[in-house]
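Chain by chain, the residues run as shown.
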Amino acid sequence: MLVDSHAHLELEDFDEDRQQVMTRAREAGVDLIITVGINLADCRRAIEIAEMYDPVYAAIGIHPHDVKEISQGTYDALVELARRDKVVAYGEIGLDFFRNYAPREMQIRRFGEQLEFAQSLDLPVIIHDRQAHKETIDMLRGWKGRKRGVVHCFSGDYNLARQCLDLGFYISIPGTVTYPKAEEIRDVVKRVPLSSLLVETDAPFLAPQSHRGKRNEPAYVVHAAEKIAELKGVSLQEVEAATTGNARDVFALH
Ligand SMILES: [Zn+2]
Ligand SMILES: [Zn+2]
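Bear in mind that the values here come from a model prediction, so they are computed numbers and not experimental data.

Novice: Just checking my understanding: could you explain the pattern of salt bridges for this structure?
Specialist: For side chains bearing opposite charge, pairing can occur when the charged atoms are close. Following the criterion strictly, the structure yields 18 salt bridges and no others. A salt bridge links aspartate 17 to arginine 215, with the nearest nitrogen and oxygen atoms 2.9 Å apart. With aspartate 17 in the loop between β1 (2–7) and α1 (18–27) and arginine 215 in the loop between β8 (197–199) and α8 (221–232), this pair connects stretches of sequence that are 198 residues apart. Residue aspartate 17 is classed as buried on the basis of its relative accessible area of 17%. We classify arginine 215 as partly exposed; its relative accessible area is 26%. Where lysine 134 meets aspartate 138, a salt bridge forms, and the shortest distance between an N and an O atom there is 2.6 Å. Highlighted residues: lysine 134 and aspartate 138, both in helix α5 (residues 133–142), separated by 4 residues, approximately one helical turn. Overall, the relative accessible area of 57% leaves lysine 134 in the exposed class.

So, how was this worked out
Residues numbered from 1 in each chain as written. Chains lettered and ligands numbered in written order. Predicted model: local features only at pLDDT ≥ 70, side-chain atom pairs only at ≥ 80, totals over all residues. Heavy atoms only, no water. Salt bridge = Lys/Arg side-chain N within 4 Å of Asp/Glu carboxyl O. Helix = DSSP H or I, 4+ residues; strand = E, 2+ residues; numbered from the N terminus. Buried < 20%, exposed > 50% of the residue type's maximum accessible area, 1.4 Å probe, protein only.

Coordinates in, geometry out; function isn't part of it.
Structure, rendered in structure tokens:
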């Protein structure tokens, strides 16, 4: 059994065949999927999908790409959404200095604000960090949240991973660990203990090497798990048990 700790099943990429995607996930042994809304409309949709399919849980929050849309009304709406049973995390929130869809200062301000907001909701956080490692770790260091969470689609080196672990965060490994050039992330996987790792697809994005260039889906999370097993010299079952236990722990799914 596996947990895909980060997917975007609410996106229209899945509108044509969401049921088949869910069936393939189950057949691949994926029995929990966290679907992540990136703006208010998608958060509503993510919760709908979670309420439609038993294995799916939802995370709500405003992605760094979309922080320009935030107003007080956004937070009022999110407070309401957070009450729904299948909402288990706040995010993805963080910094994206690769695309820079919002000015950096605004991203930093909204990230800090959303960390506090997550704390007020008593939810664990899902962190997005793209080419903003130093600023992200600085923000997390200053945050007093009790629930902590997961740094998704981890893209730093071992030094950054160590700092995340020291702050009490889990690290989530995407299918990109299978890419030929992904030596840095493979080094991280080798050195970070299994007790701190989750796996994810980030579907429909970032398909693993064997499906590269096509739409990604939760069934393919097994490719990340297999690569971790290979790198650590342990069985796939061991990786499945550890990452599933970690996901259940961070999202309080028991
Ligand atoms: Zn992300
Ligand atoms: Zn995402």
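Moving on, there is more to tell.
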